[in-house]
Amino acid sequence: MLTYGDIKQAADRTAGAVRRVPVAPADTPDLWLALEYLQHTGCFKARGALNFLRAHTEAGSLPAAGVTIASGGNAGLACAWAARGLGVRATVFLPETAPPVKVARLRSYGAEVRLVGAVYAEALAACQDFAAGTGALASHAYDHPLIAAGAGTLLDEIRERLPALDTVVVAVGGGGLFAGVATAALHHGVRVVAVEPEHCRALNAALEAGRPVDTPVDSVAADSLGATRVSADALYAAQQDGARSVLVPDAAITAARRTLWADHRIAVEHGAATALAALTAGAYVPAEGEKVCVVLCGANTDVTTLTGE
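Being a predicted model, the structure only gives us computed values, none of them experimental.

To continue, consider the nonpolar core. Ranked by size, the top nonpolar core spans 72 residues in total, and within it I158, V168, F178, V294 and L296 carry the most contacts. Apart from the residues within four sequence positions on either side, V168 is in contact with L155, V181, A185, V190, R191, V192, V193, C293 and V295. If you look at the next biggest cluster of nonpolar residues, it comprises 30 residues, including L77, W81, V113 and L137.

Here we come to helix 12 (residues 270–280). Two residues of an α-helix separated by three or four positions point the same way, owing to the 3.6 residues in each turn. Of all eleven residues in helix 12, ten are buried; the element is thus mostly enclosed. Taken together, the buried positions of helix 12 are occupied by H270, G271, A272, A273, T274, A275, L276, A277, A278 and L279. Directly beyond the C-terminal end of helix 12, a positive phi value near 80° is found at G282.

Think of a pair of aromatic rings as described by two things: how far the centres are apart, and how the planes are tilted against each other in angle. Inspection of the entire model under this criterion finds one aromatic pair. Consider the rings of F93 and F130, whose centres lie 5.5 Å apart with planes at 55°: the pair is tilted. You can see F93 sitting in strand 4 (residues 90–94) and its partner F130 sitting in helix 5 (residues 120–134), a full 37 residues away along the chain. Neither residue differs from the other here; F93 and F130 are each classed as buried. The ring centre of W261 lies 4.5 Å from the NZ or CZ of R265, which sits over that ring.

Okay, the sheet that holds strand 8 (residues 191–197) next. By definition, the strands of a sheet pair up through backbone hydrogen bonds, in either a parallel or an antiparallel sense. Strand order in the open sheet made by the six strands is 1-2-10-7-8-9, with mixed pairing throughout. Two strands lie at the open edges of the sheet, namely strand 1 (23–25) and strand 9 (243–248), each paired on one side alone. Strand-to-strand twist of the sheet, defined as the mean angle between neighbouring strand axes without regard to direction, takes the value 25°. Strand direction decides the pairing type here: strand 7 (residues 167–171) and strand 10 (residues 292–295), joined by three bridges, are parallel. Paired with T167 across the strands is V292, a residue of strand 10. Lying on the sheet, helix 8 (residues 202–209) is in contact with strand 8 and strand 9; it crosses strand 8 at an angle near 110°.

Rules used throughout
Residues numbered from 1 in each chain as written. Predicted model: local features only at pLDDT ≥ 70, side-chain atom pairs only at ≥ 80, totals over all residues. Heavy atoms only, no water. Core = buried A, V, L, I, M, F, W, Y, C linked by side-chain atoms within 4.5 Å. Buried < 20%, exposed > 50% of the residue type's maximum accessible area, 1.4 Å probe, protein only. Contact = heavy atoms within 4.5 Å. Helix = DSSP H or I, 4+ residues; strand = E, 2+ residues; numbered from the N terminus. Phe/Tyr/Trp six-rings, centres within 6.5 Å; stacked < 30°, edge-to-face > 60°. Lys NZ or Arg CZ within 6 Å of the ring centre and 35° of its normal. Pairing = 2+ DSSP bridges. Axes fitted to C-alpha atoms, helices over the stretch in contact; angles between N-to-C directions.

Below is the structure:
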């Protein structure tokens, strides 16, 4: 399973290449916001993607065919960005229905984009065939220890700015960010709260079942938190003392997103606002004097929707 040592190694590999997270006070006493949406590519996933590729480079296991991934979202962008910085070929598979703006952004990072099929599953199958046929290194959006370890470097940066931190609040999709942050947090005795939409609850369902299980996905935050199954590393971390899982309704997510924009001029994805919704909706109520930091993990969103929800 993922260890704190893995996260320390990831911090060494990515030092100087990722942006260190700013932490800002919120309007509520003892509440801070970790502004990780300011990370390269607008999302925390740059950390894991870079750690993944640098680890393979160090090990001499990065093939000449480069890296490949099926993702038009944050994981694909992060993979393409990290590959460009290392001079590595990146081939990204998307369905033919992918928005042109996503294709253009991936190409701006130097990735070769291949449009295959009408749905994501077809693009994923083509990506897998490409990896098998060319020997390209297949990357994953979240379910890999190197990806999760890279994401976990975020927690130590937060603690450098908030050494008296009691609790960190994190949104969960497939669990890469949660697994990394929780592993580091629990090492330091920091409580971690995992937040999911009520109808997009892969981690919460896994906790109930005692193992990762397939779950339906139906949420306003599904574009970034819509994994049907959580990683084993995330489930293990959530089962430890000091970890807690909570659910929030979509209405609370959209309200938290609007609040961030109205009060702070912070524009984030619904997935990022999900973390704050745990506090604004009362799913998690801190004790008096409890020092809490909410991770705002991504900002790849349509800003025109901020005032119309």
